[in-house]
Amino acid sequence: MRLTFLVLLYSLVACGSTAGASEPAAIVEASRLEQSGDFVAAAEALKQAMSDRRLTLAESRQLEFEFDRLHRIRRDFPLTRADLFEDLKGAIDGVSEAEFEQWLAEGRFDMRTIDGDPRFMVSSVKNLFWRYPELESRRTPPKDTAAYQRAVLETCTAIAEAARRTGTPYVLPRQFRVTMTVTASANAAPAGETIRAWLPVPRRYPFQGGFRLLASSSPVRHLAEEDSPIRSVLLEQPAVADQPTVFRIEYCYTAHGVRFEIDPDKVQPSDPTNPELAPFVAEGPHVRFTPELRALAERIAGAETNPAGLARRFYDWIADNIRYSYSIEYCTIRDIVEYCRTRGYGDCGQEGMLFIALCRLRGIPARWQSGWNTFPGSVGIHDWTEIYIAPYGWMPVDPWAGIYFTQYASALTPDERREVRDFYFGGLDQHRMAANSDHCQQLDPPKRSLRSDTVDFQRGELEWADRNLYFDKFSYKLQTAPSP
């Protein structure tokens, strides 16, 4: 009972809450101090509040998360001004100090004041190329993605042709063999303590199945149900002094290419009373129907009323107007949709969350889908979305792909860019491992400690006793290949 309560509490506290008048006074004050840049005072305010013996368990856990959040923000903004300039000199040909000063004045870098000093986001240099693509010609060393772009185009063309030929949206299945390794740093937990590790694995979808666990570094303690909204394998191993703790799983699964061909004349409004769809047209963590978001949705929608047409307008607007950008950790962001909307940039999950919110505002069921992109040349964690269009059902939409192939795919012709952009509205390539069907979901079984990622689940989650191991305490790697 106590554990169930903590799970619900963490969901409310960590997944999109906004410090304000309804929050405990200590958290409101700590948030004010954090925003003003006084992290030491914010931490002290929270520590004093946590020492109060009259606290309820809920209040104590809420304060614990806010205290840990300060550490997480510091980790996202480690660079001094001098650090940033040194990184720039190694990445951009001929960058001058005067140019650097100009970019600072223009606000080209994500910056936080931390205890009186300006600190810059860890991915500041990489993000410069995403937000200002004209700098790509000065990148040192150059980055050649032409082969990747053409491979994606060929894959999308093949899937679309197969779907038209067969009259089904699920085509060209491929089986993959995957090895995922998560390594806790030496002495991340005291010697002899048991480290628990949750690793993501494929859940069941119409386009994904046939999962088989082939091997694991230790006996499996629990495998979540195949239709879990956040599917994982739980492993346990004892920590050994001065040695890393390695968790490894090997599995295979089958993924289909997906391509829905939508006839606007057949599209129907979804049933808002359907209990299976109702959660996906409602507000939720990070999805708030603010006046600003309503105004944006109204402006983009114009006179369009067809659900598929509306969703396509939202997709196209994001592809044309939102820049890609590596993100700070989601657990440090109070409202992901507003973060992306107000800045005009975001990573795949933030772009996807903005798309979800716009769709839900207009009654289009929309939800998160995430795991890994395993396309050769672009392997990494990835988020995309699904929308429900009656009578077709749930279909994939990848806002990141719309952005990338509209704004950055310079090796393709305009017509080829459009072809790929069109494909990912209702299409998906086989190179995905989807572990999640919604955001801000709870692990099965739940952690005893705080989550490292309160929104998504791709890299794994680790803990010992009731203490979380954050991302600075472990590394992760996923390797995949077509199964023989």
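Please refer to the structure higher up on the page.
Residues numbered from 1 in each chain as written. Predicted model: local features only at pLDDT ≥ 70, side-chain atom pairs only at ≥ 80, totals over all residues. Heavy atoms only, no water.

### Description of the environment of glutamine 208
Turning to step 1, where the next piece is worked out: With respect to the helices and strands, the residue glutamine 208 is situated in strand E5 (residues 208-216).
Turning to step 2, where the next piece is worked out: Placed 33 residues apart in sequence, glutamine 208 and glutamine 175 show a C-alpha to C-alpha distance of 9.7 Å.
Turning to step 3, where the next piece is worked out: The contacts of glutamine 208, once residues within four sequence positions are left out, are Pro202, Arg203, Tyr253, Thr254, Arg432, Met433 and Ala434.
Turning to step 4, where the next piece is worked out: A polar side-chain atom of glutamine 208 sits 2.7 Å from the main-chain carbonyl oxygen of arginine 203.
Turning to step 5, where the next piece is worked out: Within the structure, the side chain of glutamine 208 is placed 2.8 Å from the backbone oxygen of alanine 434, a separation counted as a polar contact. (Helix = DSSP H or I, 4+ residues; strand = E, 2+ residues; numbered from the N terminus. Contact = heavy atoms within 4.5 Å. Polar contact = N/O pair within 3.5 Å; in protein donor to acceptor, adjacent residues only side chain to side chain.)

### A short note on the sheet that holds strand E17 (residues 467-469)
Turning to step 1, where the next piece is worked out: The strand order E6-E7-E4-E16-E17 describes an open sheet built from five strands, whose pairing is antiparallel. Where the open sheet ends on each side, the last strands, each with one partner, are strand E6 (220-223) and E17. Taken pair by pair, the neighbouring strands of this sheet meet at an average axis angle of 25°, ignoring direction. (Pairing = 2+ DSSP bridges. Axes fitted to C-alpha atoms, helices over the stretch in contact; angles between N-to-C directions.)

### Description of helix H2 (residues 25-36)
Since the α-helix packs 3.6 residues into each turn, any two residues three or four apart lie on the same face.
Turning to step 1, where the next piece is worked out: End to end, H2 covers 17 Å across 12 residues, agreeing with the expected 16 Å (1.5 Å per residue, within 8%).
Turning to step 2, where the next piece is worked out: Considered for burial, the residues of H2 that qualify are Ala26, Ile27, Ala30, Ser31, Leu33 and Glu34. Looking straight down H2, one finds its buried side chains confined to an arc of 165°; they lie on one side. Exposed residues lying more than 90 degrees from the buried face of H2 are Ala25 and Gln35.
Turning to step 3, where the next piece is worked out: For H2, the elements touching its buried residues are helix H3 (39-50), helix H4 (57-76) and strand E1 (111-114).
Turning to step 4, where the next piece is worked out: Glycine 37 occupies a position one or two residues after H2 and carries a positive phi of about 100°. (Expected span 1.5 Å × (residues − 1). Buried < 20%, exposed > 50% of the residue type's maximum accessible area, 1.4 Å probe, protein only. Arc of directions from axis to C-beta.)

### Details of the packing of helix H8 (residues 146-166) against helix H14 (residues 414-423)
Turning to step 1, where the next piece is worked out: Where H8 contacts H14, the axes come no closer than 10 Å and their chain directions differ by 55°. If you check the angle between H8 and H14, you find them oblique. When the axes of H8 and H14 are compared, the crossing they make is left-handed. Contacts from Arg150, Val152, Leu153, Cys156, Thr157, Ile159 and Ala160 in H8 reach Glu416, Glu419, Val420 and Phe423 in H14. (Parallel < 35°, antiparallel > 145°, perpendicular 65-115°, else oblique. Left-handed = near helix turned anticlockwise from the far one by under 90°.)

### Brief notes about the packing of aromatic side chains
Turning to step 1, where the next piece is worked out: Counted by the stated rule, this structure contains 26 aromatic pairs.
Turning to step 2, where the next piece is worked out: Ring centres 6.2 Å apart and planes at 80° place the aromatic pair tryptophan 130 and tyrosine 326 in the edge-to-face group. Placement of tryptophan 130 in helix H7 (residues 124-131) and of tyrosine 326 in the loop between strand E9 (323-324) and helix H11 (336-343) is noted, with a sequence separation of 196 residues between them.
Turning to step 3, where the next piece is worked out: Residue classification places tyrosine 326 among the partly exposed residues on the basis of a relative accessible area of 30%.
Turning to step 4, where the next piece is worked out: Both rings, one in tyrosine 324 and one in tyrosine 326, keep their centres 5.6 Å apart while their planes meet at 85°; by these two values the pair is edge-to-face.
Turning to step 5, where the next piece is worked out: Judged by its relative accessible area of 10%, tyrosine 324 falls in the buried class.
Turning to step 6, where the next piece is worked out: Grouped by ring-pair contacts, the aromatic residues Trp130, Tyr148, Tyr324, Tyr326, Phe375, Trp400, Tyr404, Phe405 and Tyr408 constitute a single cluster. (Phe/Tyr/Trp six-rings, centres within 6.5 Å; stacked < 30°, edge-to-face > 60°.)

### Quick word on the layout of surface pockets
Turning to step 1, where the next piece is worked out: Roughly 1,400 Å³ of volume is contained in the largest pocket.
Turning to step 2, where the next piece is worked out: As for the largest pocket, its lining consists of 48 residues, and the residues nearest its centre are Lys126, Trp130, Lys143, Tyr324 and Tyr326.
Turning to step 3, where the next piece is worked out: Of all the secondary-structure elements, those providing two or more residues to the lining of the largest pocket are H4, H7, H8, strand E12 (380-389) and helix H13 (399-407).
Turning to step 4, where the next piece is worked out: For the lining of the largest pocket, the element with the most residues is H7, which contributes five residues.
Turning to step 5, where the next piece is worked out: Here the residues of the lining of the largest pocket sort into 21 nonpolar, 13 polar and 14 charged.
Turning to step 6, where the next piece is worked out: The space that makes up the second largest pocket amounts to roughly 470 Å³. (1 Å grid on protein atoms, 1.4 Å probe; cavity = no way out; pocket = protein on both sides within 12 Å on 5 of 7 lines; lining within 4 Å. Points joined across faces, edges and corners; volume = space filled by probe spheres on them. Nonpolar A, V, L, I, M, F, W, Y, C, P; charged D, E, K, R; others polar.)

Coordinates in, geometry out; function isn't part of it.
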